[in-house]
Amino acid sequence: MFNKLNDLVNYYHENKLSHAYLIETNNINNCFSDLRVVVQRIFCPNTYKENCNECNICNLINQNYLPSLKIIEPDGSSIKKEQILELKRAFSSVPIYTKNNIYIIKNAEKMTESSANTMLKFLEEPEDNLLGFFITNNINNVINTVKSRCEIIKLYYDDNDLNFKTLNSEKYINYFNIVSNYIYKLEIEKKNLIMYNKSELLNNFSEREDYKILFKIMLLIYEEALNYTLGLKNNISSYDQFNYLTKFDSKMLIKRIKLITQLLDDINYNVNLELLLDKFVIELSEVI
Ligand SMILES: [Zn+2]
């Protein structure tokens, strides 16, 4: 998992976290499990490793038994006032095991007016140790009482089967080779990629989807290098050709990952791909 939610871990440690976030996503379940990892990464008493099942806290979180983490889902067609009242009762005492009481509300667009009003005190005069997340598939349907009091995050997941294990499968091999070349030219040869954008990307790919795949592959490669650098993985699995990336420190890798993530976001909205790609390589060259 490396997406915008990952920043929350850093914000927590820098004391910059808001008390409530509203996350719009196209995949509520993915978002929920990523959010659960965020909570684990914040509170794991060990240094959180992928799928930590060594510590009590991570185990309790995984089984939904951590008393200071409450998850609310619609009861039938809506999230009811009684559910929020129960949450308030549960959080009327200081948190156990973790420094914060945390609630996650799935399908926040299903909150009724009375459940949102019951929530108000949580949102307007939050206790220091309270942390809330609302997840929705459409921010426009979330009642304003909630929306206006949260910091908003938009998080979209790709629906394809692209992941680090499948990225050089037959389906993606062509994209993979181009990206592999792109990274090499960028990091090792330090070439001017504006030319390369034209000759290798824009001349060969016309669809927005193509660019999403290309840069998703790039993201996966840098994420893997980051996981290695952070000690979360022992090697860059079967991709020896990227070993040179492991010489970078995590800060340098994160800078690149942020730019790629931003580009992937922009591809969804921005019309002019050429401009977008040029902006991307200019920004990249500033962090390299
Ligand atoms: Zn743990």
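Fair warning: this is a prediction, and the values are worked out from it, not measured in the lab. (Residues numbered from 1 in each chain as written. Predicted model: local features only at pLDDT ≥ 70, side-chain atom pairs only at ≥ 80, totals over all residues. Heavy atoms only, no water.)

## Some points on the packing of aromatic side chains
Short version of the rule: Pairs were defined over the aromatic rings of Phe, Tyr and Trp, the Trp ring being its six-membered one, requiring ring centres within 6.5 Å. Orientation was assigned from the angle between planes: stacked under 30 degrees, edge-to-face over 60, tilted for the rest. Strands are runs of DSSP state E lasting at least two residues, helices are runs of H or I lasting at least four, and both sets are numbered from the N terminus onward.
The full count for this structure, using the stated rule, is 11 aromatic pairs. On the numbers, 5.9 Å between centres and 15° between planes, the contact of Y21 with F133 is stacked. A residue pair is termed long-range when its members are at least 10 positions apart, and Y21 in strand β1 (residues 20–25) and F133 in strand β4 (residues 130–136) qualify at 112 residues. Ring geometry for F215 and F280: centres 5.3 Å apart, planes at 80°, overall edge-to-face.

## Re the pairing of β1
Under the convention used in this document: Burial here depends on accessible area, computed with a 1.4 Å probe over protein chains only, as a share of the maximum for the residue type. Under 20% is buried, over 50% is exposed, and the range in between is partly exposed. One bridge is not enough; two strands pair if DSSP finds at least two bridges between them.
Counting buried positions over the six residues of β1 gives six, a clear majority of the element. Residues A20, L22 and E24 line one face of β1 and the alternating positions Y21, I23 and T25 line the opposite face, and both faces are buried. Of the pairings in the sheet, the one linking β1 to strand β5 (residues 151–155) comprises five bridges and is parallel in character. Residue L22 lies in a different strand from β5, and its bridge partner there is I152.

## A few points about the domain arrangement of the protein chain
Many analyses report the size of an interface as the accessible area lost when the parts associate. Heads up, the rule is: Domain start and stop positions are those given by an automatic or database domain assignment. Residues are treated as being in contact if the distance between any of their heavy atoms lies within 4.5 Å. Throughout, the accessible surface (probe 1.4 Å) given up by two parts as they are put together, summed over both, is called the buried area.
What the domain assignment lists for the protein chain is domain 1 (6–155) and domain 2 (173–287). Here the C-alpha centroids of domain 1 and domain 2 sit 32 Å apart. Across the contact, four residues belong to domain 1 and four residues belong to domain 2. A buried area of about 400 Å², summed over both sides, lies between domain 1 and domain 2, and 44% of it is on carbon and sulfur atoms.

## So, the sheet that holds strand β3 (residues 101–105)
As a reminder, the rule being used: Convention adopted: a line fitted to C-alpha atoms gives each axis, helices being fitted over their contacting stretch, and angles between N-to-C directions are expressed from 0 to 180 degrees.
The sheet built from five strands is open, its strands ordered β2-β3-β4-β1-β5 with parallel pairing. The outermost strands of the open sheet, each flanked by one partner alone, are β2 (69–72) and β5. Adjacent strand axes in the sheet meet at a mean angle of 15°, parallel and antiparallel pairs treated alike. Contacts from helix α2 (residues 28–43) reach β1, β2, β3, β4 and β5 within the one sheet, and its direction differs from that of β4 by about 160°.

## Quick look at the packing of helix α10 (residues 250–269) against helix α11 (residues 273–287)
Two quantities define a packed helix pair, namely the angle between the helix axes and the distance between the axes. The test is simple: An angle below 35 degrees is treated as roughly parallel, one above 145 as roughly antiparallel, one from 65 to 115 as roughly perpendicular, and anything else as oblique. Each residue is assigned to one class: nonpolar for Ala, Val, Leu, Ile, Met, Phe, Trp, Tyr, Cys and Pro, charged for Asp, Glu, Lys and Arg, and polar for all the others, Gly among them.
Put simply, α10 and α11 touch, their axes get as near as 10 Å, and they point 170° apart. As judged from the angle between their axes, α10 and α11 are roughly antiparallel. Across the interface between the two elements, K255, R256, L259, I260, L263, D266 and I267 of α10 pack against L273, L276, K279, F280, E283, L284 and V287 of α11. Split by residue class, the contact of α10 with α11 holds nine nonpolar, no polar and five charged.

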